[in-house]
Amino acid sequence: AAWFILQPMATAAIMALVLSEVLAAKLPGVTSKGSYAVYLLAGTAAWGLFAEVTNRCTGVFIEFASALKKISFPRLCLPIIVGGSALLTHVLLLAAVAVVCAAFLDTYPGMAWLALLPGAALILVFSYGLGVLLGIFNVFSRDVGQVFGIVLQLWFWLTPIVYPPSAMPASMQWLSHW
């Protein structure tokens, strides 16, 4: 059970330490030493929730095919369980991010953290819908799961998570807005 806390804590601590101390990465127009680390940790936490729910929902009907054949229960319970476990992981990661930000970056959670609730709800609803749709298609064509993995990697780099939207060339900024 400790690994559920230690793994996100280690990931957040390493990212914060490397980005703020070793690389001294900064956001444009921001003087705080740890601002980029906080930006990246927040973005990757949200993306991680989305990616985990959609990836796991894409394969959930195949993974539990034997249970679906033997036991009568609503089929959509499986993706909901996936979303619940992903949300638990996400909450633990956010707690680790808060601790790491307070310890290493002298940045403390404030009222802005309340925006995480509707944000996480929107991410869950969108990823649940997309994951169930892809999961149904994946039952009939197993290539859907493989192709979505590639699409998810491309989507990550087209979304301004690792970089601020202003860092994109002007001709490509419409992609981040879309």
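See above for the structure.
Residues numbered from 1 in each chain as written. Predicted model: local features only at pLDDT ≥ 70, side-chain atom pairs only at ≥ 80, totals over all residues. Heavy atoms only, no water.

Counting its secondary structure elements, the protein contains seven helices and zero strands. Ordered by position from N to C terminus, the α and β elements of the protein give α-α-α-α-α-α-α. Taking the principal axes of the C-alpha coordinates as reference, the protein spans close to 60 × 45 × 30 Å. Looking at the 178 residues of the protein, the share that counts as buried comes to 31%. Here the analysis covers contacts within the protein between residues at least 6 apart in sequence; of these, 69% occur between residues at least 24 apart. The distance from the centre of the 7 positive side-chain charges to the centre of the 5 negative ones in the protein is 11 Å. (Helix = DSSP H or I, 4+ residues; strand = E, 2+ residues; numbered from the N terminus. Buried < 20%, exposed > 50% of the residue type's maximum accessible area, 1.4 Å probe, protein only. Contact = heavy atoms within 4.5 Å. Lys, Arg positive; Asp, Glu negative; His and termini not counted. Charge placed at Lys NZ, Arg CZ, Asp CG, Glu CD.)

Note that Thr 159 resides in the loop between helix 6 (143-158) and helix 7 (173-177). C-alpha separation for the pair Thr 159 and Thr 31, spaced 128 residues apart in sequence, amounts to 24 Å. There is a polar contact of 2.7 Å between the side chain of Thr 159 and the backbone oxygen of Trp 155. (Polar contact = N/O pair within 3.5 Å; in protein donor to acceptor, adjacent residues only side chain to side chain.)

What follows deals with a nonpolar patch on the surface. A grouping of Leu 133, Ile 136, Phe 137, Val 139 and Phe 140 is seen on the molecular surface, where their side chains present a nonpolar patch of about 500 Å² in accessible area. By secondary structure assignment, the location of Phe 140 is in helix 5 (residues 116-140). (Patch = residues over 30% accessible without salt bridge, like charges linked within 9 Å, V, L, I, M, F, W, Y side chains within 5 Å. Areas by Shrake-Rupley, 256 points an atom, 1.4 Å probe, with all protein chains shown as cover. Salt bridge = Lys/Arg side-chain N within 4 Å of Asp/Glu carboxyl O.)

The next point concerns the packing of aromatic side chains. What the rule picks out here adds up to seven aromatic pairs. Each ring, one from Trp 47 and one from Phe 50, has its centre 5.1 Å from the other, and the planes form 55 degrees; the classification is tilted. Remark: Phe 50 and Trp 47 occur in helix 2 (residues 35-63); sequence separation between them is three residues, near one turn of the helix. A relative accessible area of 14% means that Trp 47 is categorised as buried. An angle of 85 degrees between the planes, with centres 6.2 Å apart, marks the rings of Phe 126 and Trp 155 as edge-to-face. (Phe/Tyr/Trp six-rings, centres within 6.5 Å; stacked < 30°, edge-to-face > 60°.)

The subject of this paragraph is the packing of helix 2 against helix 6. Two elements in contact, helix 2 and helix 6, have axes whose closest approach is 10 Å; the angle formed by their N-to-C orientations is 170 degrees. By the angle between their axes, helix 2 is roughly antiparallel relative to helix 6. For the pair formed by helix 2 and helix 6, the contact residues are Trp 47, Phe 50, Ala 51, Thr 54, Asn 55 and Thr 58 on the first element and Gly 145, Phe 148, Leu 152, Trp 155 and Phe 156 on the second. Residue classes in the contact of helix 2 with helix 6 are distributed as seven nonpolar, four polar and no charged. (Axes fitted to C-alpha atoms, helices over the stretch in contact; angles between N-to-C directions. Parallel < 35°, antiparallel > 145°, perpendicular 65-115°, else oblique. Nonpolar A, V, L, I, M, F, W, Y, C, P; charged D, E, K, R; others polar.)

Attention shifts here to helix 5. Along its 25 residues, helix 5 runs 36 Å from first to last C-alpha, staying within 8% of the 36 Å computed at 1.5 Å per residue. All of the buried residues in helix 5 are Ala 120, Leu 124, Ser 127, Gly 131, Val 132, Leu 134, Gly 135 and Asn 138. (Expected span 1.5 Å × (residues − 1).)

So, about the pattern of salt bridges. Tallied over the full model, the rule gives one salt bridge. Salt-bridge contacts for Glu 52 lead to Arg 56; the nearest nitrogen and oxygen are separated by 3.2 Å. Highlighted residues: Glu 52 and Arg 56, both in helix 2, separated by four residues, approximately one helical turn. Owing to a relative accessible area of 24%, Glu 52 belongs among the partly exposed residues under this scheme.

The end-to-end C-alpha separation of helix 6 is 23 Å, in line with the 22 Å expected for 16 residues at 1.5 Å each. Buried within helix 6 we find Phe 148, Leu 152 and Phe 156. For helix 6, the angular spread of the buried residues around the axis is 75 degrees, confining them to a single face. In helix 6, the exposed positions angled more than 90 degrees off the buried face are occupied by Asp 143, Gln 146, Ile 150, Gln 153, Leu 154 and Trp 157. Against helix 2 and helix 5 lie the buried residues of helix 6. (Arc of directions from axis to C-beta.)

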